[in-house]
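Coordinate inspection notes
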Amino acid sequence: MRGKSIGNIDWLTILLYLTLVIMGWLTIYSASLPPEVTSIFDTKQIYGRQMLFIILSIPLIFILLFLDAKIFERFSFVFYGLGIFLLLGLFAFGSTIKGQTNWYKLGGFGFQPSEFVKTGVALLLAKYLSFPQINLKNVKHQLIGFGIILLPVLLILLQPDAGSAMIFLSLIFVLNREGLPGWYLFSGFSAIILFFVALKIDPKYIMICIAIIMLIYYLRSRRMSRNPILYTFVFIIISGFVFSVNYVYNTVLESHQKDRIDVLLGEDVDIKKEGYNLNQSMIAIGSGGLTGKGFLEGTQTKGGFVPEQHTDYIFTTVGEEWGFIGSTLVIIIFVTLFLRIIALAEKQKTKFSRVYGYCVATYLFAHFFVNIAMLIKLFPTIGVPLPFFSYGGSSLWAFTIMLFIFVKLDANKVNEW
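The shown structure was predicted, so the numbers you read here are calculated from the model rather than taken from an experiment. (Residues numbered from 1 in each chain as written. Predicted model: local features only at pLDDT ≥ 70, side-chain atom pairs only at ≥ 80, totals over all residues. Heavy atoms only, no water.)

Quick look at the pattern of salt bridges now. Per the stated rule, a full pass over the model turns up ten salt bridges. A salt bridge links glutamate 346 to arginine 177; the nearest nitrogen and oxygen atoms lie 3.0 Å apart. Within this pair, whereas glutamate 346 is found in helix α16 (residues 314-346), its partner arginine 177 is found in helix α9 (residues 172-177), the two being separated by 169 residues in sequence. The closest approach of N and O atoms between glutamate 178 and arginine 354, which form a salt bridge, is 2.6 Å. Residue glutamate 178 is located in the loop between α9 and α10 (182-200), and its partner arginine 354 is located in helix α17 (residues 351-375); the two are separated by 176 residues in the primary sequence. Overlapping salt bridges bring together Arg177, Glu178, Glu346, Lys351 and Arg354 as one network. (Salt bridge = Lys/Arg side-chain N within 4 Å of Asp/Glu carboxyl O. Helix = DSSP H or I, 4+ residues; strand = E, 2+ residues; numbered from the N terminus.)

Within the secondary structure, threonine 119 sits in helix α6 (residues 113-129). Accessibility expressed as a relative area gives 6% for threonine 119, which makes it buried. Sequence-distant contacts of threonine 119, defined by excluding residues within four places in its chain, comprise Tyr356, Ala398, Ile401, Met402 and Ile405. (Buried < 20%, exposed > 50% of the residue type's maximum accessible area, 1.4 Å probe, protein only. Contact = heavy atoms within 4.5 Å.)

Relative orientation of the contacting elements α16 and helix α18 (residues 393-411) amounts to 35°, with a least axis distance of 11 Å. The handedness of the crossing between α16 and α18 is left-handed. Within the contact between the two elements, α16 uses Ile341, Leu344 and Ala345 and α18 uses Leu403, Phe406 and Asp410. Taken together, the residues of the contact of α16 with α18 sort by class into five nonpolar, no polar and one charged. (Axes fitted to C-alpha atoms, helices over the stretch in contact; angles between N-to-C directions. Left-handed = near helix turned anticlockwise from the far one by under 90°. Nonpolar A, V, L, I, M, F, W, Y, C, P; charged D, E, K, R; others polar.)

Take the packing of helix α5 (residues 76-93) against α6 next. Close contact between α5 and α6 brings their axes to 8 Å; oriented N to C, the two are set at 150°. Classified by the angle their axes make, α5 and α6 are roughly antiparallel. For α5 against α6, the interelement crossing comes out left-handed. For the pair α5 and α6, the contacting residues are Ser76, Phe77, Phe79, Tyr80, Gly83, Leu86, Leu87 and Leu90 in the first and Pro113, Ser114, Val117, Gly120, Val121, Leu123, Leu124 and Lys127 in the second. Residue classes in the contact of α5 with α6 are distributed as eleven nonpolar, four polar and one charged. (Parallel < 35°, antiparallel > 145°, perpendicular 65-115°, else oblique.)

In structure tokens, the structure reads:
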């Protein structure tokens with residue numbers, strides 16, 4: 001039966017994965033190439049270490065594909081628990097880098113558990129939602145689902161690593177797909193919009209507009225929906241949120257977090273300080289034009305103007321050297337992978353496999369969207385890697401494990417009834 005499932009592997013997904021990994025390594029090679037070229041296997045260089053990570057991914061893939069697919073569902077709680085244990089261990093044994101205690105240092109290499117915890121959360125969430133009695137219209141079931149997601153989010157926020165924590169919250173789309181009432185999603189988006197609007201407009205005027213909108217909606221709603229107590233309660237909640245925005249911004253947020261929001265809102269910032277990274281990334285991407293400057297020919301890249309270009313800002317190298325056409329091609333490959341995973345998820349015979357597939361697609365898309373959006377001033381700058389492109393063994397292996405567990409589950413659907 002195992003051989004039959006292996007023969008049913010979706011090779012298009014693997015081809016897309018390999019294409020992205022190869023293109024990612026070439027981009028890292030260009031972004032980190034020293035004046036004196038060395039072997040591509042030189043682990044003293046960033047591109048050499050990334051090549052080592054890629055090579056070590058191969059046996060990892062074979063192990064995942066030859067494991068019994070039922071292991072991932074049967075031991076989902078173990079995988080989740082191990083991830084939580086590793087996050088807790090950071091507070092005692094973690095290394096602090098740039099103010100964040102989110103790494104274990106092992107010799108000359110680092111290990112970031114938050115990248116691997118995403119798979120544990122996806123597995124346990126899929127297991128929980130696959131129980132036949134679970135109905136996300138039920139508040140108790142909603143709370144348990146949220147709890148599975150929010151426990152690691154809380155631990156990651158304490159590191160503090162807001163960027164990684166934010167990615168977990170994208171799983172609300174999976175919950176929505178599985179029956180979570182739509183008002184949760186609407187409320188989340190509304191809160192984000194109100195937060196930024198309240199930073200630009202006097203909260204009193206915002207609440208006047210909201211009061212008018214709610215009054216119109218109240219008068220036009222059906223009689224059975226006219227509950228003045230409910231409308232009053234909602235108005236009080238919104239008021240409390242809107243009037244607390246400036247307090248949170250000025251008191252709770254760190255200075256670097258406020259700087260990133262200021263850049264996003266177009267406030268006057270010093271392009272030599274807080275606005276430097278974003279300004280240089282936009283210059284690099286824009287300088288690529290239609291067809292780019294050519295592989296290894298990026299002047300911004302070679303000049304080292306963009307900090308951390310091999311990690312969070314890796315797409316700036318794509319934009320500069322491959323231009324608009326090359327960048328569009330990369331985006332198309334990513335989107336094709338997302339759509340392929342979703343299409344396969346819809347074909348699964350078990351709810352566990354379907355939910356897990358949606359979790360994988362959501363994680364990958366969230367990383368992709370946030371990473372690229374922050375480079376073109378559509379999202380606050382946070383440390384989120386671009387899947388299969390950004391340098392790092394933790395991110396590459398975590399995304400590889402996450403994806404190939406689904407590839408295995410999909411291949412095994414021939415054995416499901």
